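# Structural features, examined
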Amino acid sequence: MLEKVRYEGAYPTRERAEEAVRLVLAGLGRQLTGDERVDLAACLPLEAARILSAQIPTLQPLTGWAFVKDLATQAGASLATTRWDTGSVLTTVAALAGSDLLTRILQQLPTGYALLFGQAQLTPAL
């Protein structure tokens, strides 16, 4: 997983890719609950699953953009860099999760996460 994130994010070192993975998975762990959280952890490599599972879910999940802003604040990084990190990690997570689980995850999360996972943000017709 780490090498895929490093490749997708074009990170110069393995350590930089690992920082991104830790930041984003910890943030995602605070957003997910229930079966989706358990099922996603089962799809991830052990260390990544531990990072995700060690987080206490928040009572009020953040929108996709608020999620990126929160991670940027925690990391002391720019919004652009954090958005890049988030996309690099979550597209890899999406590939590991598969389409059925990813659909369930996106249904649980507030708006704005589909693009972070590399998916189209579809809205129902009115």
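Residues numbered from 1 in each chain as written. Predicted model: local features only at pLDDT ≥ 70, side-chain atom pairs only at ≥ 80, totals over all residues. Heavy atoms only, no water.

The protein chain appears in an unreviewed UniProt entry as DUF2267 domain-containing protein from Streptomyces sp. 900105245.

### So, the nonpolar core
For soluble globular proteins, nonpolar side chains are generally found buried alongside one another. Counting 34 residues, the largest nonpolar core has L40 and F117 as its most contacted members. Sorting the residues of this core by element identifies α1 (2-9), α2 (14-31), α3 (34-43), α4 (46-53), α5 (64-75), α6 (79-97) and α7 (99-108) as the ones contributing at least two each. Apart from residues lying up to four places away in sequence, L40 is in contact with L28, L32, L52, V93, A97, L101 and I105. (Core = buried A, V, L, I, M, F, W, Y, C linked by side-chain atoms within 4.5 Å. Buried < 20%, exposed > 50% of the residue type's maximum accessible area, 1.4 Å probe, protein only. Helix = DSSP H or I, 4+ residues; strand = E, 2+ residues; numbered from the N terminus. Contact = heavy atoms within 4.5 Å.)

### Examining α1
By the burial criterion, the buried members of α1 are L2, V5 and G9. End-on view of α1: buried residues confined to an arc of 60 degrees, all on one side of the axis. In this structure, the buried side of α1 is in contact with α2 and α6. Of the residues flanking the end of α1, it is A10, one or two places downstream, whose phi is positive at about 55 degrees. (Arc of directions from axis to C-beta.)

### Side note on the pattern of salt bridges
Tallied over the full model, the rule gives nine salt bridges. Here R22 makes a salt bridge to E18, at a shortest N to O gap of 3.2 Å. A residue pair is termed a helical-turn pair when its members lie 3 or 4 positions apart in one helix, as R22 and E18 do in helix α2 at four residues. A salt bridge links E47 to R50, with the shortest nitrogen-to-oxygen separation between them at 3.7 Å. Here E47 pairs with R50, and both are found in helix α4, just three residues apart, close to one helical turn. The network of salt bridges with shared partners includes E18, R22, E47 and R50. (Salt bridge = Lys/Arg side-chain N within 4 Å of Asp/Glu carboxyl O.)

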